[in-house]
Amino acid sequence: DWADPSHFLKVQSFITGELAETLRRTNDQASGIMHFAYMTWFRQCYDYNNIQPYPSYYAMQRAMQPVLVSAELWGRNIYAGENLPTRIYVVNDSEDGRDLDTTVLNWSIVDENGKVLSSGTESFPAVAYYGRKYIEPAIIMPYAIPSYKMSVKLKLALTENGKTLSQNEYDLVLAKKE
């Protein structure tokens, strides 16, 4: 606590959350997996009066949603105007044990201030309870960006009949090709 651990904690959060999401996307026997709660999930974990979540806690909170919308990304550096090569998965470990009807995936690319640079929707097929499916949506990065390089987020929201079932987000770096 006498130093700034933010750089380590950001990387740890990325690794912890991505691993949890990957396990759920790829292993149909992983529902209910119990992750070891690292000391990097909470600050002052031995002092209940001062315990505070670190970024890994929030990554795990997103990764362990009963219905998970998750992006399989093979790179985080994207050029403006290009298609984001990704699969978007839905994992249905719904707490009420029901199949999901056809849902709607809302995606957006937002800057550090939350301003939407581009967005879109895709129809997502029905997902059986305890199942997982993916789509490969056409997510085109914005053409015009205000600087040569900028940090952005890919934000995902899955809705069914107007009700949000799952939300997730991913840090990306967007740059002009020149």
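About the criteria used
- Residues numbered from 1 in each chain as written.
- Predicted model: local features only at pLDDT ≥ 70, side-chain atom pairs only at ≥ 80, totals over all residues.
- Heavy atoms only, no water.
- 1 Å grid on protein atoms, 1.4 Å probe; cavity = no way out; pocket = protein on both sides within 12 Å on 5 of 7 lines; lining within 4 Å.
- Points joined across faces, edges and corners; volume = space filled by probe spheres on them.
- Helix = DSSP H or I, 4+ residues; strand = E, 2+ residues; numbered from the N terminus.
- Nonpolar A, V, L, I, M, F, W, Y, C, P; charged D, E, K, R; others polar.
- Pairing = 2+ DSSP bridges.
- Axes fitted to C-alpha atoms, helices over the stretch in contact; angles between N-to-C directions.
- Buried < 20%, exposed > 50% of the residue type's maximum accessible area, 1.4 Å probe, protein only.
- Contact = heavy atoms within 4.5 Å.
- Core = buried A, V, L, I, M, F, W, Y, C linked by side-chain atoms within 4.5 Å.
- Salt bridge = Lys/Arg side-chain N within 4 Å of Asp/Glu carboxyl O.

## Examining the layout of surface pockets
Here is step 1: One number sums up the size of the largest pocket: a volume of about 540 Å³.
Here is step 2: Lining the largest pocket are 20 residues, and of these Lys10, Phe14, Arg76, Tyr170 and Asp171 sit closest to its centre.
Here is step 3: Every element with two or more residues in the lining of the largest pocket is listed here: α1 (6–26), α2 (55–63), β9 (149–160) and β10 (163–175).
Here is step 4: Among the residues forming the lining of the largest pocket, the class breakdown is eight nonpolar, four polar and eight charged.

## Quick look at the sheet that holds strand β7 (residues 116–124)
Here is step 1: Ordered in space as β4-β10-β9-β6-β7, the five strands form an open sheet in which the pairing is mixed. In this open sheet, the two strands that pair with only one neighbour each are β4 (77–79) and β7. Strand-to-strand twist of the sheet, defined as the mean angle between neighbouring strand axes without regard to direction, takes the value 30 degrees.
Here is step 2: The pairing of strand β6 (residues 103–110) with β9 spans seven bridges and is antiparallel. Opposite Val104, over in β9, you have Thr159 as the bridge partner.

## Thoughts on the side chain of Ser108
Here is step 1: Here Ser108 is to be found in strand β6.
Here is step 2: Judged by its relative accessible area of 13%, Ser108 falls in the buried class.
Here is step 3: For Ser108, the contacting residues outside a window of four places in its chain are Val116, Ser118, Ser119, Lys153, Leu154 and Lys155.

## Topic: the nonpolar core
Here is step 1: In terms of nonpolar packing, the biggest core is built from 28 residues, with Leu84, Ile109, Leu154, Leu156 and Leu172 touching the most fellow members.
Here is step 2: For this core, the secondary structure elements donating two or more residues are β3 (67–73), β5 (86–92), β6, β9 and β10.
Here is step 3: Looking at this core element by element, the count peaks at five residues for β9.
Here is step 4: Apart from residues lying up to four places away in sequence, Leu84 is in contact with Leu73, Ile78, Ile139, Met141, Leu154 and Leu172.

## Considering unusual backbone geometry
Here is step 1: One non-glycine residue, Tyr130, adopts positive backbone phi at about 65 degrees.
Here is step 2: Topologically, Tyr130 is positioned in the loop between β7 and β8 (131–135).
Here is step 3: Despite not being glycine, Asn161 shows a phi value in the positive range, around 50 degrees.
Here is step 4: In this fold, Asn161 is placed in the loop between β9 and β10.

## Here's the deal with the pattern of salt bridges
Here is step 1: What the rule picks out here adds up to 10 salt bridges.
Here is step 2: The residue Lys177 makes a salt bridge to Glu82 at a minimum N-O spacing of 3.2 Å. Of this pair, Lys177 sits in the segment after β10 while Glu82 sits in the loop between β4 and β5, and the two are 95 residues apart along the sequence.
Here is step 3: Judged by its relative accessible area of 29%, Glu82 falls in the partly exposed class.
Here is step 4: Overlapping salt bridges, with partners in common, bring together Lys153, Lys155, Glu169 and Asp171 in one network.

## Some details on the side chain of Ser56
Here is step 1: Inspection of the secondary structure puts Ser56 in helix α2.
Here is step 2: Not counting chain neighbours up to four residues away, the residues in contact with Ser56 comprise Leu9, Gln12, Ser13, Thr16, Thr40 and Trp41.

## Details of the sheet that holds β5
The strands that make up a sheet are held in pairs by hydrogen bonds between backbone atoms, and each pair lies either parallel or antiparallel.
Here is step 1: The sheet built from three strands is open, its strands ordered β3-β5-β8 with antiparallel pairing. Each end of this open sheet is capped by a strand with a single partner; those strands are β3 and β8. Direction aside, the axes of adjacent strands within the sheet are offset by 20 degrees on average.
Here is step 2: Judged from the five bridges that link them, β5 and β8 form a sheet pairing that is antiparallel. Bridging from a neighbouring strand, Val90 pairs with Lys133 of β8.
Here is step 3: Most of the contacts of α1 go to β3, to which it runs at about 105 degrees, and overall it touches β3, β5 and β8.

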